[in-house]
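These are the residues of each chain, in order.
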Amino acid sequence: MGLNACVLAVDAGNSKTDVAVVAADGSVLATARGGGFRPPVVGVEAAVDTVADAVGRAFAAAGVTSVEHVSACLANADFPVEERQLAAALHARAWGPDVEVRNDTFAILRAGVTEPRGVAVVCGAGINCVGMRPDGRTARFPALGRISGDWGGGWGLAEEALWHAARAEDGRGADTDLARVLPGHFGLPSMYALIEALHLEEIAPARRHELTPVLFATAAAGDRVARSLVDRLADEVVSMATVALTRLDLLDEETPVLLGGSVLAARHPQLDDGVRELLADRAPKAVPQVVTASPVLGAALLGLDRAGAPPKVQARTRAYYEA
């Protein structure tokens, strides 16, 4: 093994896996991308095989066979027992003697801060929030959907839009343009036709996520029901952030609140303004900012934290991804 191979960083989400081999001086020796990481669907070993493919290509490009620290931020690592199970599966691959597994939301948080201190809310397909302090304390939520009290995320917003649109068309709910624009997106004449097409899977279930941008466009055009859903998402984002700040005793300190994931990163004006206004009211010292850095940077920085790397080393890694 090359003596300077320090960290294997892994950011494995449901749709893709990014890995990086980082030297002890912070240089990025190699990177690779692989497929999605979905243990609940394919099983732990098959999911880790997907990571292993990307790791093998990155190791070959870097000219190494192992590293000192494996820092893996993984989707579906929602409970400590899952983190331990996944860490054991990664350790068995012998990529490095020290393996640390975290939920992938921690990668987005660490990518956006210069030290491991702050809170991140991620709103992509789902919604999640984590927080951390340099002393190792963390705050987190199970983030499993409705059973864990969650509301929002792109998938949830699409479901809510369909619910309101269906009720508007048949008279059970308030009138909304969603009843026309949602079926119109698929070239259909009515919500009845869209409901039938979704039920019979004439439209693939995965295509429901296409309705989230339609919802935001309808809200931007002034539709009251669509705007109410965007306002509710802003409230949910701020509720999670405020609870995490409170748990970590950071509510009264100037603290970064990172906003990530496709829905928040899109910077929809109503959502963006709503989050900032509510944060100013409930957590006045919070400093909101949208994260645009690659999450694998966060996994690398967490690995360098564990290795005790000084700021100048971490700055070199960050410069690679922010160039």
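Right above here is the structure, for reference.
Just so you know, these numbers come straight off a predicted model, no measurement behind them.

A. Highlighting helix H9 (residues 224-247). Here H9 spans 35 Å end to end across 24 residues, near enough to the 34 Å set by a 1.5 Å rise per residue. Sitting at the head of H9, Asp-223 places a side-chain oxygen 3.3 Å from the backbone nitrogen of Val-225.

B. Spotlight on the sheet that holds strand E2 (residues 17-23). Strand order in this open sheet of five strands is E3-E2-E1-E4-E5, and the pairing throughout is mixed. Single-partner strands in this sheet number two, and they are strand E3 (28-34) and strand E5 (98-103). On average, each strand axis in the sheet is inclined to that of its neighbour by 15°, with strand direction left out of account. Judged from the six bridges that link them, E2 and E3 form a sheet pairing that is antiparallel. Across the sheet, residue Val-22 finds its bridge partner in E3, namely Val-28. Each of strand E4 (69-74) and E5 is contacted by helix H3 (residues 80-91), which is oriented at about 140° to E5, the strand it contacts most. Contacts between helix H13 (residues 311-322) and the sheet are confined to E2 and E3, with E3 contributing the most and set at about 50° to the helix.

C. How the structure looks around the packing of helix H5 (residues 153-170) against helix H7 (residues 191-199). Close contact between H5 and H7 brings their axes to 9 Å; oriented N to C, the two are set at 135°. When the axis of H5 is compared with that of H7, the two are oblique. Each of Leu-162, Ala-165, Ala-166 and Glu-169 in H5 lies in contact with H7, whose residues at this interface are Met-191, Tyr-192, Leu-194, Ile-195 and Leu-198. Among the residues forming the contact of H5 with H7, the class breakdown is eight nonpolar, no polar and one charged.

D. Region of the structure containing the nonpolar core. Residues Leu-182, Leu-233 and Leu-271 are the most contacted members of the largest nonpolar core, which totals 53 residues. With near-sequence residues (within four places) excluded, Leu-271 lies in contact with Phe-216, Val-230, Leu-233, Ala-234, Val-263 and Leu-264.

E. The arrangement of the layout of surface pockets in detail. Considering only enclosed or pocket space, the largest pocket measures out at about 1,600 Å³ in volume. Mapped by element, the contributors of at least two residues to the lining of the largest pocket are strand E1 (5-12), helix H4 (105-111), strand E7 (127-132), H5, helix H8 (211-220) and helix H10 (262-265). If one sorts the elements of the lining of the largest pocket by residue count, H5 sits on top with five residues. In the lining of the largest pocket, the residues fall into 19 nonpolar, 20 polar and eight charged.

What counts as what
Residues numbered from 1 in each chain as written. Predicted model: local features only at pLDDT ≥ 70, side-chain atom pairs only at ≥ 80, totals over all residues. Heavy atoms only, no water. Helix = DSSP H or I, 4+ residues; strand = E, 2+ residues; numbered from the N terminus. Expected span 1.5 Å × (residues − 1). Polar contact = N/O pair within 3.5 Å; in protein donor to acceptor, adjacent residues only side chain to side chain. Pairing = 2+ DSSP bridges. Axes fitted to C-alpha atoms, helices over the stretch in contact; angles between N-to-C directions. Contact = heavy atoms within 4.5 Å. Parallel < 35°, antiparallel > 145°, perpendicular 65-115°, else oblique. Nonpolar A, V, L, I, M, F, W, Y, C, P; charged D, E, K, R; others polar. Core = buried A, V, L, I, M, F, W, Y, C linked by side-chain atoms within 4.5 Å. Buried < 20%, exposed > 50% of the residue type's maximum accessible area, 1.4 Å probe, protein only. 1 Å grid on protein atoms, 1.4 Å probe; cavity = no way out; pocket = protein on both sides within 12 Å on 5 of 7 lines; lining within 4 Å. Points joined across faces, edges and corners; volume = space filled by probe spheres on them.

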